[in-house]
Amino acid sequence: MDEILKNIIRDKGPIDVAEFMGLALGHPAHGYYMKGDPFGTRGDFTTAPEISQMFGEMVAAWIMDVWQQMGAPEFTLLECGPGRGTLMADIMRATKSVPGFHEAAHVHLLEISPALRAMQAAALDIYKPEWHVNLETLPDQPMIVIANEFLDALPVRQLIRTGEGWRERVVAVEGEKFVYGTKDLPFNLGVQAEEGEIFEISPVRSQFVMDLMKKMDGAALIIDYGHAEPGLGDTLQALRKHQYVSLLDGVGDADLTTHVDFYAVKQSAEAAGGKVFGPVEQGAFLKALGIDQRAETLKTRATPAQKTDIENSLRRLTDSGQMGWLFKVMGLTNGRAIDLAGF
Ligand code: SAH
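Reference entry: report on the structure contained in this document. No experiment lies behind these values; they were computed from the predicted model shown. Residue numbering note: each chain is counted from 1, following its sequence as written. With pLDDT at 70 or above as the cut-off, local features in this predicted model cover only qualifying residues; side-chain atom pairs require 80 or more to be listed or tallied, and sums for whole chains, interfaces and linings still use all residues. Processing note: side-chain calculations cover all non-hydrogen atoms of the structure and skip hydrogens and water entirely.

1. Quick word on the sheet that holds strand E12 (residues 243–245)
So, point 1. Two strands qualify as a pair provided that DSSP identifies no fewer than 2 bridges between them. Labels follow the DSSP assignment, with helices taken as runs of H or I lasting at least four residues and strands as runs of E lasting at least two, numbered in each case from the N terminus. Taken together, 3 strands build an open sheet; the order of strands is E12-E11-E13 and the sheet is antiparallel. A strand with exactly one partner marks an edge of an open sheet, and here the two such strands are E12 and strand E13 (255–257). Looking at each pair of strands side by side, their axes are set apart by 40° on average, direction ignored.
So, point 2. Sheet topology note: the strand E11 (residues 237–240)/E12 ladder contains 3 bridges and is antiparallel. Residue pairing across strands places arginine 240 opposite glutamine 243, the latter belonging to E12. Note on definitions: angles span 0 to 180 degrees between N-to-C directions of axes, and those axes are lines fitted to C-alpha atoms, for helices only across the stretch in contact.

2. Concerning the site of the ligand
So, point 1. Any residue with at least one heavy atom within 4 Å of a molecule or strand is counted as near it. Near the ligand lie 18 residues; those nearest to it are Thr47, Gly81, Gly83, Glu111 and Asn148.
So, point 2. Any N or O atom pair separated by 3.5 Å or less is treated as a polar contact, with the protein-specific requirement of one donor-capable and one acceptor-capable atom, and with residues adjacent in sequence counted only for side-chain atom pairs. Here a nitrogen atom of the ligand sits 3.4 Å away from a polar atom, N or O, in the main chain of isoleucine 112.
So, point 3. Between the ligand and asparagine 148 there is a distance of 2.7 Å, counted from an oxygen atom to a side-chain nitrogen or oxygen.
So, point 4. Expressed as a share of its isolated accessible area of 570 Å², the protein-covered part of the ligand is 92%.
So, point 5. Residues that form the shell around the ligand fall into these classes: 10 nonpolar, 5 polar and 3 charged. Here, Shrake-Rupley sampling with a 1.4 Å probe gives the accessible areas, and only protein chains in the shown set may cover a residue. Three classes are used, and their members are as follows: Ala, Val, Leu, Ile, Met, Phe, Trp, Tyr, Cys and Pro are nonpolar, Asp, Glu, Lys and Arg are charged, and the others, Gly among them, are polar.

3. Points about the packing of aromatic side chains
So, point 1. For Phe, Tyr and Trp, rings pair up if their centres lie within 6.5 Å, where Trp contributes its six-membered ring, and each pair is then called stacked (planes under 30 degrees apart), edge-to-face (over 60) or tilted (otherwise). For the structure shown, the criterion picks out 9 aromatic pairs.
So, point 2. Ring centres of phenylalanine 75 and phenylalanine 101 lie 5.7 Å apart, and the angle between their planes is 55°; this geometry places the pair in the tilted category. One end of the pair, phenylalanine 75, is in strand E2 (residues 75–80); the other, phenylalanine 101, is in helix H6 (residues 101–104), with 26 residues separating them in the sequence. Note on accessibility: phenylalanine 75 and phenylalanine 101 belong to one class, buried.
So, point 3. Either the NZ atom of lysine or the CZ atom of arginine qualifies as a charge over a ring when it sits within 6 Å of the ring centre and within 35 degrees of the ring normal. Note that arginine 169 overlies the ring of tyrosine 180, its terminal NZ or CZ placed 3.9 Å from the centroid.
So, point 4. Across from the ring centre of tryptophan 325, 4.7 Å away, lies the NZ or CZ of lysine 328, which sits over that ring. A 1.4 Å probe rolled over the protein chains alone gives each residue an accessible area, and that area as a share of the maximum for its type sets the label: buried under 20%, exposed over 50%, partly exposed in between.

4. Section: the packing of helix H11 (residues 291–300) against helix H12 (residues 304–318)
So, point 1. Where H11 contacts H12, the axes come no closer than 9 Å and their chain directions differ by 170°. Comparing their axes, H12 and H11 come out roughly antiparallel. Residues Ile291, Asp292, Ala295, Leu298 and Lys299 of H11 touch H12, and the partners they reach there are Lys307, Ile310, Glu311, Leu314, Leu317 and Thr318.
So, point 2. For the contact of H11 with H12, the residue count by class is 6 nonpolar, 1 polar and 4 charged. Roughly parallel means an angle under 35 degrees; roughly antiparallel means over 145; roughly perpendicular covers 65 to 115; every other angle is labelled oblique. Throughout, a residue-residue contact means that at least one pair of heavy atoms, one from each residue, lies within 4.5 Å.

5. Considering the pattern of salt bridges
So, point 1. A pairing counts as a salt bridge when a side-chain nitrogen of Lys or Arg comes within 4 Å of a carboxyl oxygen of Asp or Glu. Enumeration according to the criterion identifies 16 salt bridges in this entry.
So, point 2. Residue lysine 6 is joined to glutamate 3 by a salt bridge in which the shortest nitrogen-to-oxygen separation is 3.6 Å. Of this pair, lysine 6 and glutamate 3 both sit in helix H1 (residues 2–12), 3 residues apart, roughly one helical turn.
So, point 3. When its relative accessible area of 6% is taken as the criterion, lysine 6 is described as buried.
So, point 4. For glutamate 3, a relative accessible area of 40% corresponds to the partly exposed category.

6. Remarks on unusual backbone geometry
So, point 1. That bond from glycine 278 to proline 279 is cis: its omega, 10°, falls within 30 degrees of zero.
So, point 2. For proline 279, the location among the structural elements is in strand E15 (residues 275–281).
So, point 3. Non-glycine residue lysine 128 carries a positive phi angle of around 50°.
So, point 4. For lysine 128, the position within the fold is in the loop between helix H7 (114–124) and strand E4 (130–132).
So, point 5. Judged by its relative accessible area of 67%, lysine 128 falls in the exposed class.

7. A few points about the nonpolar core
So, point 1. Ranked by size, the top nonpolar core spans 47 residues in total, and within it Val59, Trp62, Ile63 and Ile144 carry the most contacts.
So, point 2. No other element matches helix H4 (residues 53–69), which puts 10 residues into this core.
So, point 3. Counting residues in each nonpolar core, the second largest holds 26 residues, with Met143, Leu212, Ala220 and Met330 among its members. Here, nonpolar core means buried Ala, Val, Leu, Ile, Met, Phe, Trp, Tyr and Cys residues that are tied together by side-chain atoms lying within 4.5 Å of each other.

Okay, here's the thing in C-alpha cells:
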C-alpha cells in the first residue's frame, strides 16, 4: 500500500489529508477496511457493542420507542458501518418478543468492507439483511438508522494556521518517505488560532449527513467520540493493535479516525431540514435508557465472575473517565414529529 500511495503522489502531486485518509482506509485492494477483521481484543480496537450486550439492549429500547411513536409501520432498519454485526444481532435478539417488530423491520446494512460483510452475513443471516455501498439504493419507506463509530471513519481535511494565514495540510513524498506539506486554501477560514494549530473540516461527513436527512423519513441515532462545540486540534489518530502509531507509517495497516465535530453534524442535518437532539454524553444517554437497572437484573442470575464482568462493562460504557464522556450521542429526525428518548 505504501508504494501504491507514493506512486499516486509522485504522479499527481501532494494530496490533501482527506484523500490520503480515504485511500488508506478504502483503497479497493489494499485499504485498511478491505482486509481482515480489525475488531476484538487481538485486533486494533474495541467498540461499545463488543464490550457488552447491554449497549445493544439500550439501543433496542430506543428503537422500540421510536417505532411505536411512528405507528409501528413496516420500515427499513439501517445500520451504517456495522462492523462484525454484533450491535444489530443484539438489537434483534432484544426485540424478538415484541409483537410484530421482526415482521416489520427490514434490515439494511451500509458497509464497504468485504471482510466485514462476510462477518455480518454470518451474524445476521436469519434476518436476511441487504447490503449497500451508499444511501441511494435504499428503499423509500419509513426508516430508523443507527451508526456507532461510523462518522469517525469518514475523511477529514486539515487546515493549518501558518505565518501567512490558513493553509491546507497535504501529504507529499520526499525520497522514500511520506512528509507533511501545505498548499493554498481557496477560501477564507474566519477562525482565530496560534501558528501551527489545526482546524478540521469534513465535507464528506457533512454531505453524508445531508444525504441521510434527504433520504430519511424517521429517526437516526449517531454515537461516536467527538465534541459538541467546534474547536481547534489535530484529532486524526492511527491505531494498530491497540497502540497509537504514526499516520504516515504502515499506511493501510492502521485504523484512521478523527473526533466527530457534532456541531458540524448538527448544522448539516438542520440545513437539510432535520431536527437535532443532543448531543449528550454516552454515559447520560445509556443511564436515561435504564442501563443501571439492566445491569442489576443481569447480575441476579450471574456467577461471581460474570457479575464482575457486568460491573466492569457498565463502568467502561458509562464512566466519564472511560467512554461515558468522550463518546456523544445525537438524535436526528426528519419528516415526522418524534420525541427521541434519552435526550
Ligand atoms: N459499528 C461497529 C463498527 C465501527 S468501525 C461497531 O461499533 O463495532 C466502522 C465501520 O464502518 C466498519 O464496519 C467499516 O467497514 C465501515 N465503514 C467505514 N467507512 C465506510 C464507508 N465509507 N462506507 C460504508 N462503510 C464504511
